[in-house]
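# Secondary and tertiary structure notes
In case you want the letters, here they are:
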Amino acid sequence: MTIEDILSPAREVDKLEITDIVDVQAIQSMMDNFYKITHIPMSLGDLKGNILVGVGWQDICTQFHRVHPEACKHCVESDTRLSAGISSGEFKLYKCKNNMWDIATPIIVGGQHVANIFSGQFFFEDEPLDYEIFRSQARKYGFNEEEYIKALEKVPRLSREAVNTGMAFLITFANILSQLGYSNFKMAHSLAEREALLSALQESEERFRSVLENSLDVAYRQNFQTDSYDYMSPVVKKITGYSAQEISSGNASEILGRIHPDDLPIVTSERDRAYDTGSGTLEYRFKHKDGKYRWFADRFTVTKGLNGKLLFSGGIIRDITERKKVEEALKKAHENLEEKVKERTIELEKAYNSLKESEKGLAEAQKMAHIGNWEWEIETDKAYWSEEMYHIFRRDPQEPAPSYNEYLGYIHPDDRDYYRNALKKAAKENLFVIDYRIVLANEEERIVHLKSEFVYNDKNIPTKVKGIVQDITESKKAEEKIQTLLNAIESSDDAIITESLECIITNWNKGAEQIYSYSAEEIMGKNISILEPDNLKGEIIQLIEKIKQKEKIRHYKTLQRKKDGTLINVSITLSPVFDASGKLVAISGIVRDITDHIKAEEALHESEIRLRGFYDSDMIGVCFYNLNGSITEANDKFLEIVGYTREDLRAGQIKWNKMTPPEYSQFDDHAVAELKSKGISTPYEKKYTRKDGSHVPVIIGISTFNKVLCEGVAFVLDITERKKAEEALVNLETTRKKEIHHRIKNNLQVIDSLLDLQAEKFDNPKVIEAFRESQNRVISMALIHEELYKGEGTDTLNFSEYLKKLAENLFQTYSLSSKNLSLCTDLEENTFFNMDTAVPLGIIVNELVSNSLKHAFTEGQKGQIRIKLYREEINDETSKSLFSLTVSDNGEGIPENLKLERLDSLGLQLVNILVDQLDGKIELKRNHGTEFRITFSVVENSKSMN
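Residues numbered from 1 in each chain as written. Predicted model: local features only at pLDDT ≥ 70, side-chain atom pairs only at ≥ 80, totals over all residues. Heavy atoms only, no water.

Here helix H5 (residues 131–141) crosses helix H6 (residues 145–153) at 135°, and the two axes come no closer than 9 Å. Here H6 runs oblique to H5, going by the angle between their axes. Along this stretch, H5 crosses H6, giving a crossing that reads as right-handed. Of the residues in H6, those touching H5 at Tyr-131, Phe-134, Arg-135, Gln-137, Ala-138 and Arg-139 are Glu-145, Glu-146, Tyr-148, Ile-149, Leu-152 and Glu-153. (Axes fitted to C-alpha atoms, helices over the stretch in contact; angles between N-to-C directions. Helix = DSSP H or I, 4+ residues; strand = E, 2+ residues; numbered from the N terminus. Parallel < 35°, antiparallel > 145°, perpendicular 65-115°, else oblique. Left-handed = near helix turned anticlockwise from the far one by under 90°. Contact = heavy atoms within 4.5 Å.)

Attention now moves to the pairing of strand E7 (residues 218–223). Counting buried residues in E7 gives 5 out of 6 residues, a clear majority hidden from the surface. Strand direction decides the pairing type here: E7 and strand E8 (residues 228–232), joined by 4 bridges, are antiparallel. Bridge pairing in E8 links Arg-221 to Tyr-231. Here E7 folds back onto E8 in antiparallel fashion, the turn holding 4 residues, of which Asp-227 has a positive phi close to 55°. (Buried < 20%, exposed > 50% of the residue type's maximum accessible area, 1.4 Å probe, protein only. Pairing = 2+ DSSP bridges.)

So, about unusual backbone geometry. With a phi angle near 55°, Asp-227 is a residue other than glycine that sits in the positive phi range. Topologically, Asp-227 is positioned in the loop between E7 and E8. On the basis of relative accessible area, Asp-227 is assigned to the partly exposed category, the value being 33%. Unusually for a residue other than glycine, Cys-503 sits at a positive phi of about 70°. Residue position: Cys-503 is located in the loop between strand E17 (495–500) and strand E18 (505–508). Assessed through its relative accessible area of 6%, Cys-503 is described here as buried.

Let's shift gears to the sheet that holds strand E32 (residues 921–925). As summarised here, the arrangement of the 5 strands in space is E28-E30-E31-E33-E32, forming an open sheet in which the pairing is mixed. Each edge of the open sheet carries a strand with a single partner, namely strand E28 (821–827) and E32. Ignoring strand direction, the axes of neighbouring strands in this sheet form an average angle of 15°. Taken together, the 10 bridges between strand E31 (residues 880–889) and strand E33 (residues 930–939) define a ladder with antiparallel strand orientation. Residue pairing in the sheet places Ser-888 in a bridge with Glu-931 of E33. Running over the sheet, helix H29 (residues 799–813) touches E28, strand E30 (863–875) and E31 and is turned about 175° from E28. Contacts from helix H30 (residues 835–855) reach E28, E30, E31 and E33, with the element oriented near 175° to E33.

So far we have only geometry, and geometry alone does not tell us how the molecule works.
Right under this line is the structure:
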């Protein structure tokens with residue numbers, strides 16, 4: 001059986017190989033003899049397709065089919081897949097994919113299929129051969145066709161009776177192999193178990209003695225009947241200077257004489273008490289052979305006879321001199337940890353429980369070191385575990401040590417392959433050292449260190465593995481913490497430097513490299529003064545002296561020099577470094593580059609000075625506010641603007657929301673919303689109510705510097721003078737515009753008078769009429785400027801009032817023809833149009849009304865002329881309104897055959913042109929007279945909307 005088999009996850013019968021249980025050479029000889037008699041080819045093959053024994057193999061198989069990869073694949077498939085599933089005592093006849101007959105019967109060992117006996121590569125004598133199939137195979141695989149056919153001819157032709165007879169023999173042969181192999185395996189297994197049981201006691205004794213002989217602690221037994229030591233482990237010479245023989249040759253009194261006099265009373269007292277209780281623990285100083293005292297810890301048990309008489313005392317002595325030194329050093333350096341040291345001492349004393357028997361003593365020693373020892377018998381898959389092994393794995397000591405597969409179950413799934421591979425490698429190299437994770441029953445993960453070695457028999461075959469397992473979880477955690485601390489030091493932006501008391505740099509992190517530009521290789525071993533400017537040489541030495549005097553150096557600010565000579569501002573914190581005995585051995589420093597911080601402080605200071613100058617100036621009012629309405633602080637300018645005193649401010653009488661007139665509250669609400677969302681508001685105009693009740697116009701800009709407390713600062717500019725100037729400019733502009741309109745109106749009236757004088761020179765009625773029409777047009781424009789002159793000086797006029805005056809003026813002009821006519825107006829109130837709209841509309845109304853007065857009625861006929869102006873709709877998004885202007889009469893009307901666009905009247909042509917100019921539309925209706933309806937859109941003055 002191979003070591004790989006032995007180390008497999010489960011060593012059962014189902015993993016056996018046929019070669020493990022039969023003699024292949026003997027089987028080969030038997031098959032050779034059988035073939036000579038029957039000429040039936042046959043072979044023995046394992047389940048992997050390997051042919052272990054074969055006889056009578058045909059050339060067509062060995063020289064052709066087994067040579068070509070694809071044809072060989074068919075052979076292996078025949079040996080494995082096609083031969084599977086055959087019951088014991090039966091055989092399977094099948095034609096392989098290379099088109100020749102094969103027969104297989106299984107070999108079953110312990111109910112497990114382990115191999116097959118094959119007979120094959122033949123044809124039945126009663127079946128014809130299809131040579132074309134085999135020639136096709138030759139061409140497919142690239143065989144020499146003629147040579148391939150010759151090999152085919154050599155293939156045996158067997159009768160079916162011969163095949164059945166031969167297979168009956170092979171089935172019997174397979175059954176014999178099955179029974180023989182299983183019996184051999186069981187017998188070998190039983191013999192191995194017996195041998196293991198016989199050697200168990202001897203090996204256990206050897207194991208215990210090996211532990212005692214190689215332990216660092218001294219094991220002993222004192223015989224009270226002979227007053228001597230009848231056993232003392234050899235390591236006693238290492239800790240006392242006396243050999244085991246020297247100690248054993250003396251009596252107990254001589255040993256007591258070597259104990260320090262100060263410790264002897266306690267030892268005697270504790271020993272006597274232990275004689276009554278059955279166990280004891282002592283710590284005392286023992287005089288070494290070289291004359292120096294060493295500290296020992298002695299933990300022992302006492303064995304009495306049935307009559308209560310003392311018989312033996314056995315125990316373990318450990319040299320604790322170094323521990324005592326450490327304890328003394330810790331006591332001096334860390335007085336505040338005294339209680340913890342006592343607790344630890346109690347824990348150590350508990351760890352050394354008395355040893356009632358040798359195995360328990362070994363377990364206690366292992367428990368203190370968290371080390372358990374184990375052994376594993378490879379052949380039997382049985383293991384031995386010490387008590388500490390059970391403790392490490394939290395396994396019930398009443399249970400047997402786990403098998404190999406069960407032990408794998410403890411190993412973390414991600415580490416199992418790593419463990420298996422290491423174990424297999426160790427089988428060749430003997431030594432096996434590995435760290436891996438285990439998972440306990442409560443799902444807790446621990447880390448263990450395993451060290452083991454293989455034990456080989458006289459044939460150099462590994463039979464046993466033995467070793468130790470140590471729980472290193474805590475040490476690993478400590479290493480991780482230390483590594484984390486080292487990583488933090490290396491990744492710190494601050495320089496972390498360690499220097500000796502002689503000012504030599506011994507440690508230099510990445511932060512130091514970044515700050516000073518020196519690499520660790522450049523600076524290590526140099527004097528720290530290399531970082532000092534010339535004018536500050538010796539400063540660091542002075543700081544170290546203060547540390548030696550137990551002064552604290554925290555955030556000490558100074559100048560230091562970089563590699564390129566640049567001076568930087570730094571903040572230094574120094575701390576002492578002590579060794580285990582409490583002695584000051586080095587200085588640790590943390591240095592932070594505060595150059596940018598210093599510059600920022602200076603800039604801030606300068607900014608504060610400028611801001612204070614601005615705050616104290618009389619340029620603008622500044623106040624600090626709270627959104628609840630309070631003014632918490634203000635400069636003199638702000639108090640001057642609102643008319644309050646600083647005493648009023650201190651008394652809390654100034655409230656910005658109380659000083660705001662109601663009509664400006666909406667502006668404040670908008671500003672508050674902006675402050676809450678963005679922290680700053682858009683500057684806006686408002687008025688404050690001063691203390692005396694007067695109003696002062698201001699522009700205010702606000703920002704928030706504390707959103708949580710809703711506090712901020714406001715800048716207030718008094719714009720009283722600016723408002724006065726703006727009002728004066730408005731009045732001046734109004735006067736200027738009124739003067740312009742007045743002059744235009746006068747000029748138009750002069751034109752009207754000139755046209756009137758000029759008309760008197762003509763007798764032709766048409767010419768006179770033309771002059772009159774021109775006069776009316778001029779008058780319509782003059783009326784507009786007259787209305788604008790009478791108004792507030794703006795460029796808009798009340799168009800409804802203008803239309804009334806225009807119509808009345810036209811009726812007066814045509815007084816002879818209009819005496820039986822009436823004017824009816826229906827005009828939208830508060831319609832204010834600018835000149836660009838009013839002038840074209842005025843001319844349009846002038847032309848249409850004049851046309852009705854002249855042509856709609858016969859002389860003396862009664863009639864009515866109607867003017868209607870109304871607003872049809874308002875578009876709030878564009879501030880435009882759609883208006884409808886209708887001029888109609890109930891006169892004779894315009895004939896149906898005359899189109900509006902074809903009328904040759906100058907006045908109506910002018911109307912069409914002006915409607916287009918307004919982007920409007922004109923409609924002509926002829927029902928019961930004439931009706932002109934004009935629609936147009938116009939941007940209205942705000943007064944029109946009120």
